Every structure is written in structure tokens, then in C-alpha cells.
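Here is how the chains run, residue by residue.
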Amino acid sequence: MSDAPKPQNFLAAIVEADLRAGRNGGRVVTRFPPEPNGFLHIGHAKSILLNFGLAKAFGGRTNLRFDDTNPVTEETEYVEAIQQDVRWLGGDWGDRVHYASDYFERMYECAERLVREGKAYVDSQTQEQIREGRGSFERPGVDSPYRGRSVEENLALLRRMRAGELPDGAAVLRAKIDMSHPNVLMRDPLLYRIRHAKHHRTGDRWCIYPMYDFAHPLEDAFEGVTHSICTLEFESNRELYDWVLDSLGPWDPRPHQYEFARLALGYTVLSKRKLLQLVQERRVSGWDDPRMPTIAGMRRRGVTPEALRAFAELIGVAKNNSVVDIGKLEFAIRGDLEGRAPRALAVLAPLPVTIVNWPAGEVEELDVPWWPGEPARGSRKVPFSGELLVEREDFALEPPKGWRRLAPGREVRLAGAYVVRCEEAVRGPGGEVVALRCTYDPASLGEAAGRKVSGTIHWVDARRSAPAEVRIYDRLFAVEQPDAAPSFLDALNPDSLRIEQGARVEPALRDAPPGARYQFLRQGYFFADPVDSRPGAPVWNRTITLKDTWASRAAPQPAVEARKPRERKEPAGATAAPRKTRAGFRADARAADPALRARYASYQARGLSAEEADLLTGDAATADYFDAAVAAKAAPASAARWLLNDLAGLAGDHPLGELPLPGAAFGRFVALVDAGRLTPSAAKTLLADLVAHGGEPEARLGALGLAKVDDRAAIEAAVEKALAAQPREVERYRAGEKKLLGVLLGAVMRQTGGAADAALVRKMLTEKLG
RNA sequence: UGGGGGAUCGUCUAAUGGCAGGACGCCAGACUCUGGAUCUGGCUAUCUAGGUUCGAAUCCUAGUCCCCCAGCCA
């Protein structure tokens, strides 16, 4: 175990339980298995952080594995980009970078073994025939005419496939499972297809390539992966994953697949196909365009790995289909940059200001701390003269209510410098404001001056500032759910990039190196672009704005259109079967079986409700079980209740007839409860034990010490003990938090193993607590 | 019933029969040389209906809604 923080999610719970149970010999091995056919995006970041984080937290290892089983879409360029991204995020795979293509020979051997064992065959149907033969959701498939080929013939054919004697599409290797399997993935899935294509690593060595469902479980098994974590859409594939492993084992460890919900984010798209389209259609400048949700794009925008990790922690891991508010990402980015970006002065859209009472020609070098309020973290010189520039947006001729910036006659603080007062707005020929004439207060410099003004604005010196290109990035999409639009391209935000050509930055920023990060005071966090910046001429990318409670007024949110229903392609000829419910099946069973029908009536005659009678007579086994219980002296009403409410849940999918607890013994159990020998609470414990291990109810009741305690003194002792153990709760209860009675009652019940009479305990508790 | 999964504040996520918690967001206030940050307080939730239980988000029954699967993609 390491001391890395333990993630708190359902997968961590599984790993922890496995470790506790001693499974896999204490090993924890995960893997991150990208296909090298595109750049990684923030959804992958979630998966990377999960896989690497989980293994690290539990003292395990994580492999990086390229799932390169489809030569026509995969490229070496992506392999390199992916490694860079994973490494940047902090994923440490040591020397364990693997390729599915490294296992092609072993996989092929597995394929031959399946053939030899009669579990796979070569199918020579066309693609269309195979699709047709698979059936549909409601209609079973039909066997391929080639399904019955002999082992020898299959082996010879498979070898010819490998040898390149067959053209693309002429044959495939299929598992021989069940063409009428309810899970369509199990209807003789394809294992290998012929592809005469050059592979980015194996070149022309192979012309047959394994399918994902065959390759992936084997890759995991070859590498000793214990927990194979993927996204929800692979849930149906798990059955096949298990089939492949069980057919080709034994394995140690035997990998298991678990699924979690992939990330969906508002105001963005996270499908490789769509991201590729944006790149190919030049809607963005490339995979690393700062507007892209790719890891490379976010990195270039100025986001840090720490911010992404904070984001991942913020959103957690679960199985709910969810769309995460983009605000959470922005929060994580701001929170990270807040502590690492020094504050600098830059004016994006300048408005000239003349300080009319400034001594002509004089320049003052102000010493301004990089971190306001934390002078110990350093400072730089900022020139101040009679000719300045302020942000155009920071002046209003007719200021609205609550305005805390410049306006005729108003005073503001220039950050790090003097308080100025606007004396006059200079108008151009069209009446527009082209410059400001202000006066300054020579006594207002520094904290000690104690001048109170309504606001502070940023500025730069007009002559001694540097021109800079500033790229103002905004969300790539204008609507929260681009996928819901008719075409996601329609949802693109036309203002996702604005280039401020006339921006000016303070002199200290002129030589900022690529990758430098600053907060431009009051405007946001900026990052010196690592690609386009030149020595002495950095290009600034806006990573993220500051939170702006002033501007956030009255920005109407566009209505979110309803997601358009996806079209179903249903092969012709399928009949729309009427939907049947469980209740319908029970009714059918009774219609077909007069004996069940008779029991349905007789149960009601013996006092059961129609619902109970219905549930008990859906099949003969359940009714038989119930009858056996009643024959063993259980009252019908309570037998029904215990069977339906508790036994059904404990039994799970197991038929009642196969339980270690026969119907007659169940009946004796119910009789014990009816006789008041144990409380309902203790009875549940006893029933769970009987279902798990069998045994005679009476004997187990004694062995587990579950006999009802109605001895006042014993209960009183338990109450005293429980109260003494929870003084805080007692105090809070007495202070008025009456809901804590349940907690205290629970504590007493646990004291007695559930054997105490709950009503009696409640009574004593309320008396004692007053 | 084709099969598989999922429904908890506006959003994301906890609570394995015993106090519905946290975070984002939002609102209000304090503070502030950033309308930022920070601090304080507040807001809002168990899909529906029955049942079991002293006690149900959790167990049972019925229903509703959402997602995934019929590529020689992964």
C-alpha cells in the first residue's frame, strides 16, 4: 500500500474488497488502453487519472497499452502524442508500454486453440449475410451454413487466411457460441478479419487482425491486469470478455472488467469522430488548438495537470449517465492558477489618458509587488508618466448604477499607483470618446495613503509599455449540448477566438518566456503560447477569465433543445412483439396451468391478498415452496410475507428449490417467528444465515444467540450501555434533535444482536432520555 | 418482458436498514488597491405508488423515465 490518497468511489471499493479477500495474490494492475487513432481529450484524462490513481493508491501498477488492432485508422503520430499527454498528466508507466500488435502471434495461437477445441470456425459468408444472420434484438439469429465445418477444414482455412491466400472480406474467424443468444454480441462474434493493410508497427507481417472483443481480454490477461476498467458502453461486451478468458485460460490473475460512466461536459463535444472533423475541416487550428477539449489543447491554453486532477476529484467516478457542468472545470482551473500566476498589468483595448497635472517629461519607476498583499514574493518596476492607457471598458460617459470605474468627475485608483480623477472626456468627430484628461493626487501613492475610492482599475504607460498579441479564447460551442443540435457544427461559438491586436503589456512582460503564466489584473489568467511566441514578442492565450459577478448579470441562457431521438435500424420482417411484464408472465403461467389457478384462488381464500397470491403462483416451484412452508405449520399470511419480502431478495437469482433452505425448514422458521421466539429484526439475521448456510432454524436460532430478549433488566442494561457509548448523541437528543432516537435505538439493537423487542426498547429509551 | 445498465439538491457525488453529507452553482453579508481571492451565513434533493420494518435513499412489488448493444470500429 502507498500513502497516496485513497480515491472514494465504487471502483476503489471493489479493489479494496479484492485486496481484503486476498484475490489476485494481492496484486493490483490496471491499464490505460488508447487506440492510436486520435488525440486524447479530457474524457481520457478522467480515465488516465482513474487508472493510474487507483493502482497507485493501492500499491499497484498501471500499463500503457496501445490497442492497435485496426491498421487502417492508426498512426505512429498519435502514439507519440498520446505518450506525451499521459506523461504530462503524471501517468507513470515505468517501462511498461505495450502494444496489442506485440501480442499478435500469441493471439493467433489462441485462435488456433479455439478452432482445435471446436469453439471457433471460419465463416465464408459475405458481410451482408453475416449481418442478416445475426438477427435483431427481438429476433434470434440463424446459424451460418459454414458453422459445421470440421476442425481440420477450419484450421486449414485459418492458416490460409493468415498466409494471405484470401482477399479482404472473403472469410472471418468466428467464435462458436449461440446464434439465438439474447445478447447479440454473443451470436458467434467475429474474432479475426482479413485486412491487407500496412500496420504502423508490424508493417506487412500480418494480413489478419483480431477484433477488439477477442484481443482486449487477451491483452489484459497476457499483462496480468487485475482490474480492467472501461466505460459504460462496454457493459454488454463483458459477457464476451469473460467467454474469451474462460475459453482460453487458466489465467493468473484472471482479469475482470468494470465499467464507469464516461465524461460528458457541457459546451463541448468529446467524441473522437467529431474532434477529428473539427480538425480536418479547419474549424480549429489543429488537435492542440487551445479551444479544443484535448489534453494537448488545454495544455497549450495554459491549463495545468494539477487543475485537471482537481477537476477529476471534483466530479468523482460513478455509473450514472451525467453531463458535468463546464463551470466545474473552470473552477478547478481558476483555483489552480490563483496560487501560481503572478499579477501583471495589461490593457487589451486601450484608451489614452493624459494626467494633466503630472510634471512634464517626468517618469516614475513604481515598485509593484507581483502578489498584492504579499510583497515578500517579489516585485518589479512599472513606469508611470503623464501619458497612460486604460481599458476602454473601464470608462463610461453615463455610468450605470453601481459603477465603480472611471466616469466624468469620478475617482479611481490605478492599481499599484495613484488615485486619478477624470476631468474631461475628449470626443472625436463622431462624438465617440477618444481620450481622457485626468488629474492625479500626488499624496495617494501606497497603502499608507489611506485614500478610499470606489474602485481600482488596471493601466499601462503609453510609451513604455509593449505591444502584444493577445488571444481571447472562449467556449468553442455556444450551447450547452452541441450534440443535441441538428449538427454540432451549427452550435459552434462564432466568438470562440478574438485576437486583440492593439493590446499593450507592461515592460516586464516583454521578455516572458513561452509557457509563462500571469494573471492580467482584473481580466483573467494568461499563458505565453509555446508555439507562436517569439523572443521578445510573446503571444498571450487567455486560459480562463476571472469570475465576474458584475458582468454575469442578465446573460440569458439559450434554451436547450431536446435531444433528437436516435433512429433505430430494424431489419425488415421483424414483428413488434407486445411488451410483456412479469405480471403478464405469471398470468400466462396460471392460464396454462389449472393447478396454479386453483392455488391462486385457495391462497386468497386463506387470507392472502390478491397481490400476494399472484406473486406466489407465477410458477409451480414458488407455489410448492410456499405450500411446503405452510405444511410445516407456518401461518399462511406470515409465510407469504417473509417469502415475498425477505426470502426473495436473499435468494436473488437462485430458484427457491435450490436453496440450502428447503420449503419445510423455511416454514419452521416462520413458525418460530409467529410463536414470538425472536424479533423480526433477529429473524432477518437468522433467515440470511439459513439461506446462506442451511441448517435447522431452531438450532441456528440458539447457536446465533438470537432468541428474543424480553427480560426488562437485560434490555435496560443494553440501553444503559448504548447511551454511555454515545454521550454526544444523547446530549443532542436532549437538546431537541429528536430524530436521533433512531440512531440510539439502532445502537441498542446492535448491542443485543437485534434480539431485543424494539418497541420495548423505544419505550425505555424515551423514558430514560426524558 | 430481446439483453444489459442507471434514476439523490439546478449540476456532480456521498450515505451498504439508523442524523440525507460534501463540492460546484446561486443568494446575502464581511473584507479588499483585482466587481478576483478569502471569510461568514443561507438556498435547494432521495422518480412515482403500494408493501415489509421500531426505523427505508437502501429490502419487496408494480409502474415511469433515461442510457448502451444488432461494425469485418474500439
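None of these values were measured; they are calculated from a predicted model.

Draft legend 1. Here's a closer look at the sheet that holds strand β6 (residues 190-194). Spatially, the four strands line up as an open sheet ordered β4-β5-β6-β7, and their pairing is antiparallel. The open sheet is flanked by β4 (120-123) and β7 (208-210), the only strands paired with a single partner. Looking at each pair of strands side by side, their axes are set apart by 20° on average, direction ignored. Against the sheet, helix α6 (residues 151-163) makes contact with β4, β5 (172-175), β6 and β7, and its axis sits at roughly 60° relative to β4, the strand it touches most.

Draft legend 2. Molecular detail of the domain arrangement of chain A. As assigned here, chain A comprises domain 1 (10-103 + 217-328), domain 2 (118-212), domain 3 (343-544), domain 4 (582-703) and domain 5 (712-769). Averaged C-alpha coordinates put domain 1 and domain 5 at centres separated by 49 Å.

Draft legend 3. Region of interest: the packing of helix α16 (residues 620-631) against helix α18 (residues 663-674). It is the contact of α16 with α18, at a shortest axis distance of 7 Å, that shows an interaxial angle of 50°. For the element pair α16 / α18, the angle class is oblique. The chirality of how α16 crosses α18 is right-handed. Across the interface between the two elements, Tyr625, Ala628 and Ala629 of α16 pack against Gly663, Ala664, Phe666 and Gly667 of α18. Of the residues assigned to the contact of α16 with α18, the class counts are five nonpolar, two polar and no charged.

Draft legend 4. Here's a closer look at the packing of aromatic side chains. The full count for this structure, using the stated rule, is 27 aromatic pairs. Relative to tyrosine 518, the ring of tryptophan 370 lies with its centre 5.5 Å away and its plane at 35°, an arrangement referred to as tilted. Placement of the pair is tryptophan 370 in the loop between β13 (364-369) and β14 (379-384) and tyrosine 518 in strand β25 (residues 517-520), with a sequence separation of 148 residues. Look at tryptophan 370 and you get buried, because its relative accessible area is 16%.

Draft legend 5. Region of interest: the sheet that holds strand β3 (residues 97-99). Ordered in space as β1-β2-β3, the three strands form an open sheet in which the pairing is parallel. Each edge of the open sheet carries a strand with a single partner, namely β1 (29-32) and β3. If you compare each strand with its neighbour and ignore which way they point, the axes differ by 35° on average.

Draft legend 6. Local environment of the packing of helix α17 (residues 636-651) against α18. The geometry of α17 relative to α18 is characterised by a closest axis approach of 10 Å and an angle of 110° between their N-to-C directions. In this view, α17 runs roughly perpendicular relative to α18, as classed from their interaxial angle. Pair α17 / α18 crosses with right-handed handedness. In this structure, α17 uses Ser638, Ala639, Trp642, Leu643 and Leu647 to contact α18, whose residues at the interface are Phe666, Phe669, Val670, Val673 and Asp674. Its residues assigned to classes, the contact of α17 with α18 shows eight nonpolar, one polar and one charged.

Rules of the game
Residues numbered from 1 in each chain as written. Chains lettered and ligands numbered in written order. Predicted model: local features only at pLDDT ≥ 70, side-chain atom pairs only at ≥ 80, totals over all residues. Heavy atoms only, no water. Pairing = 2+ DSSP bridges. Helix = DSSP H or I, 4+ residues; strand = E, 2+ residues; numbered from the N terminus. Axes fitted to C-alpha atoms, helices over the stretch in contact; angles between N-to-C directions. Contact = heavy atoms within 4.5 Å. Domains from an automatic or database assignment. Parallel < 35°, antiparallel > 145°, perpendicular 65-115°, else oblique. Left-handed = near helix turned anticlockwise from the far one by under 90°. Nonpolar A, V, L, I, M, F, W, Y, C, P; charged D, E, K, R; others polar. Phe/Tyr/Trp six-rings, centres within 6.5 Å; stacked < 30°, edge-to-face > 60°. Buried < 20%, exposed > 50% of the residue type's maximum accessible area, 1.4 Å probe, protein only.

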